[in-house]
Amino acid sequence: MSFESMPRQDLLLAIDSLAQEKMIDKETVIESLEAAIAKIAKHKYGEEFNIVANIDKKNGSIHVKRLFDVIESPEAMGEEYDANTMLTVAQAKKYAEEPKVGDIVEDALPEPEFGRMAFQTARQIMTARVRDAEKGRQFEEFKDNIGDIINGVVKRIEFGNVFVDINGKAEGYIKNTELIPGERLAVGDRVRALIMDVTRSNSGPQIFLTRTHPMFMEKLFVQEVPEIYEGIIKIKSVSRAPGSHAKIAVETQDPSIDAVGMTVGIKGTRIQPVINECHGEKIDVILYSEDPAVFIVNAMQPAKVAKIIVDEDTHTAAVVVTEDQQSLAIGRRGQNVRLASQLTGWNIDVMSETEEQERRAKEFKEKTDLFVGALDVDEMIAHLLITEGFRTIEEIAFVAQSELESIEGFNPELAIELQTRAKAYLEKVEQEYFDNGHKNGMTDDLLKFDFIKRPIINKLGEAGIKTLSDLADLASDELVEILGEDTMSERLAERVIMKARELAYGIVSDEE
């Protein structure tokens, strides 16, 4: 049947049916059909004309017309003049009563006859347009679902990468590195995965899936534990060694609820489906705490912590355990402490009680040597200062004088003298720092950049970074390469460079 012979109300019904079938907007189908009709009309009347087609949405009638721009004169248009699409005011009066320059006038054309070939052409154009619209709808649909779990069926496997049919709507892709180690999927298997990313492509949306991301486990718990779904229990963080071990931190504001017990379920009924889905991954459910020391101790489970020393400045924690707990605390190949560190966001160092004593003795000696050398005092005074909790020369220099006077055996004269010597030492160190920096060609704006420690700034100078602008112009990976991964992480490097750009160029990032 051709469009010409099709009753107009039937045409509108066919448009509605196609829109519902493809789950796309009715307007899109109409626009696709209008483009197809315009193409046929151009083939009949001339490709050089600006021809459009419109379908009346009330009765289905088809209107085809040529459009002309009204111009002042061909001479005024110069090389842009096109007799096929432009008319002077006098010429335009043939199609409109009072045309003005800048108007668009219409010349109604007979509706083209849709013969067999014309119908096929129109159908191809419509199919292509509708397919593009369908791809666009799929992209928007799945883009909005990033971070959600989908169910699908394994369609094919290529070089270890798994292609998943998602309810017949689209195809997902699980890279072999995003599969849980040790699991073996086969064509026809049902599989659950997290939508990690969605991009556009000519063949439709590319949907990247993962089964190893921590959020995959988090979403599984949302599905299995009603209290998490309802927000009564909150998941604070998740860390995973996929297929082997994982830790998940939970909390609740309701004191009557056991967040850990509710998450695990009676005899593990709630956690077991998650373990099964994650290919037998061992999962520790940890109670979250605002107190970092308590949170870190909880995160070190199943190991028992004897003592913990938290350093807020460096965001590190020294976890002390008994000899028989040390291997359990560290875990196989360092897995337990690594997961605890990822879960809490703190750098955790595990040591035995013997190692901790040795470390304390070493620190005590280093501080003693520092105080004896910098303040020109004997070891007894240095030991008293350390015992009272002083760790740096800065603390001695700028603490309230009364705190020094309160130390047993100290008097006001000694307190004043210690602070005077401490300030003199700091001024000397400051002067030496700037003198050495200037000798290396470093400018004050970099030397005064207090976002990172001075030994790191010295290292930058040795690497040829002489100004704050030099630092601001680096990429984060370049900064990590200069300083080494032990000194600077990729994340910290990004923050350092953003701060340098803010000070050097006034570029302020929205990120905290």
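This is a predicted model, so every value here is computed, not measured.

Draft legend 1. Focus on the sheet that holds strand β12 (residues 282–287). Across the sheet, which stays open at both edges, the 3 strands sit in the order β10-β11-β12 with mixed pairing between neighbours. One side of each edge strand has no neighbouring strand; the edge strands of this open sheet are β10 (233–241) and β12. Taken over all neighbouring pairs, the strand axes of this sheet differ in orientation by 20° on average, direction set aside. Pairing of strand β11 (residues 245–252) with β12, which is carried by 6 bridges, proceeds in the parallel orientation. Paired with I248 across the two strands is V285, which belongs to β12. Strand contacts of helix α10 (residues 292–299): β10, β11 and β12, with the helix running at about 155° to β12, the strand carrying the most contacts. Sheet strands touched by helix α12 (residues 335–344): β10, β11 and β12. Its angle to β11, the strand with the most contacts, is close to 35°.

Draft legend 2. Highlighting unusual backbone geometry. Between Q301 and P302 the backbone carries a cis peptide bond, its omega angle lying at 10°. Inspection of the secondary structure puts P302 in the loop between α10 and β13 (307–311). Phi is positive for R333, which is not a glycine, with a value near 55°. Checked against the element boundaries, R333 lands in the loop between α11 (323–330) and α12. The class for R333 is exposed, based on a relative accessible area of 74%.

Draft legend 3. Region of interest: helix α14 (residues 379–387). Among the residues of α14, I381, A382, L385 and I386 are the ones counted as buried. Taken down its axis, α14 places every buried residue within 135° of arc, on the same side. Relative to its buried face, α14 has exposed residues pointing more than 90 degrees away, namely M380 and T387. Two or three places before M380, at the start of α14, stands the capping residue D378, its side-chain oxygen 3.3 Å from that residue's backbone nitrogen. Just downstream of α14, G389 is the residue with a positive phi angle, here 100°.

Draft legend 4. How the structure looks around the pattern of salt bridges. Applying the stated rule across the entire model yields 24 salt bridges. Notably, a salt bridge pairs R156 with E171, separated by 2.8 Å at the nearest N-O pair. Here R156 is found in strand β5 (residues 149–158), whereas its partner E171 is found in strand β7 (residues 170–174), with 15 residues between them in sequence. By relative accessible area, which is 30% here, R156 ends up partly exposed. Through salt bridges with shared partners, one network takes in K307, E356, R359, R360 and E363.

How each quantity is defined
Residues numbered from 1 in each chain as written. Predicted model: local features only at pLDDT ≥ 70, side-chain atom pairs only at ≥ 80, totals over all residues. Heavy atoms only, no water. Pairing = 2+ DSSP bridges. Helix = DSSP H or I, 4+ residues; strand = E, 2+ residues; numbered from the N terminus. Axes fitted to C-alpha atoms, helices over the stretch in contact; angles between N-to-C directions. Contact = heavy atoms within 4.5 Å. Buried < 20%, exposed > 50% of the residue type's maximum accessible area, 1.4 Å probe, protein only. Arc of directions from axis to C-beta. Polar contact = N/O pair within 3.5 Å; in protein donor to acceptor, adjacent residues only side chain to side chain. Salt bridge = Lys/Arg side-chain N within 4 Å of Asp/Glu carboxyl O.

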